Amino acid sequence: VRRPAGLTVQFHFDYDDANVRITSKRDDKATVTVEPRGPQNVLIRVPAWAPPQSLKFTTAGQSIRPLMLGNFAFFDRSRLQGPLVMTYDLPKHTTEETIDGVTYTCHWRGDEITGIQPNTEIFPFYPTAGG
């Protein structure tokens, strides 16, 4: 979204238009690459659950520190020497939900469910978790 403060990246999805190209990759860590196409400043939303000590920002292979504005990392466009890359850890945790007397255990990695137990055989809603 273009705003007076600059190009604001809310979601970490692949996206490409006349203003920006965004690529997102999730392996052991999350990596979001923002390539602005124009002179606007850049703001990237930092997930509230991302461990702050794991956040890293680089441009042209060099570390760069943002100005934090709430949950957004702000970068003056003149400081960006190439694509802006944000990386952060994807913490794992487990939650339980009881629905209609059945307790489901959900395994998470970051903000996505990676497995559930028990599961349904007909139309599973997530991958079945081991154990």
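Residues numbered from 1 in each chain as written. Predicted model: local features only at pLDDT ≥ 70, side-chain atom pairs only at ≥ 80, totals over all residues. Heavy atoms only, no water.

Draft legend 1. View of the layout of surface pockets. In this structure, the largest pocket spans a volume of roughly 240 Å³. Lining of the largest pocket is provided by 14 residues; of these, Val1, Thr8, Tyr15, Val20 and Ile22 occupy positions nearest its centre. Put simply, the parts of the chain that give the lining of the largest pocket at least two residues each are strand S2 (6-9) and strand S4 (20-26). It is S2 that contributes the most residues to the lining of the largest pocket, three residues altogether. Classifying every residue of the lining of the largest pocket gives eight nonpolar, three polar and three charged. Taken as a whole, the second largest pocket spans an internal volume of roughly 170 Å³. If you go around the second largest pocket, the residues you meet are Phe11, His12, Phe13, Ser24, Arg26, Arg45, Pro47, Trp49, Tyr88 and Asp111. (1 Å grid on protein atoms, 1.4 Å probe; cavity = no way out; pocket = protein on both sides within 12 Å on 5 of 7 lines; lining within 4 Å. Points joined across faces, edges and corners; volume = space filled by probe spheres on them. Helix = DSSP H or I, 4+ residues; strand = E, 2+ residues; numbered from the N terminus. Nonpolar A, V, L, I, M, F, W, Y, C, P; charged D, E, K, R; others polar.)

Draft legend 2. Quick look at the environment of alanine 48. Turning to its location among the elements, alanine 48 is positioned in the loop between strand S6 (42-45) and strand S7 (56-59). Alanine 48 sits 52 residues away from aspartate 100 along the chain, and the two C-alpha atoms are 31 Å apart.

Draft legend 3. The arrangement of the sheet that holds strand S13 (residues 102-109) in detail. Strand order in the open sheet formed by three strands is S12-S13-S14, with antiparallel pairing between adjacent strands. Sheet topology places strand S12 (92-99) and strand S14 (112-117) at the edges, where each strand pairs with a single neighbour. With direction set aside, neighbouring strand axes in the sheet form an average angle of 30°. Of the strand pairs in this sheet, S12 and S13 are connected by eight bridges, and their pairing is antiparallel. Residue pairing for S13: threonine 94 is matched across the bridge by histidine 107. (Pairing = 2+ DSSP bridges. Axes fitted to C-alpha atoms, helices over the stretch in contact; angles between N-to-C directions.)

Draft legend 4. Region of interest: the pattern of salt bridges. In this structure the tally under the stated criterion is seven salt bridges. Glutamate 112 is the salt-bridge partner of arginine 109, the closest N and O atoms lying 3.1 Å from each other. Residue glutamate 112 is classed as partly exposed on the basis of its relative accessible area of 29%. One connected set of salt bridges, linked through shared partners, spans Arg26, Arg109, Asp111 and Glu112. (Salt bridge = Lys/Arg side-chain N within 4 Å of Asp/Glu carboxyl O. Buried < 20%, exposed > 50% of the residue type's maximum accessible area, 1.4 Å probe, protein only.)

Draft legend 5. Representation of the packing of aromatic side chains. For the structure on display, the rule yields three aromatic pairs. Ring geometry for phenylalanine 11 and phenylalanine 13: centres 5.8 Å apart, planes at 20°, overall stacked. Geometrically, the ring pair formed by phenylalanine 57 and phenylalanine 75 is tilted, given 5.2 Å between the ring centres and 55° between the ring planes. Remark: phenylalanine 75 occurs in strand S10 (residues 72-75) and phenylalanine 57 occurs in strand S7; sequence separation between them is 18 residues. A single burial state applies to phenylalanine 57 and to phenylalanine 75, both of which are buried. (Phe/Tyr/Trp six-rings, centres within 6.5 Å; stacked < 30°, edge-to-face > 60°.)

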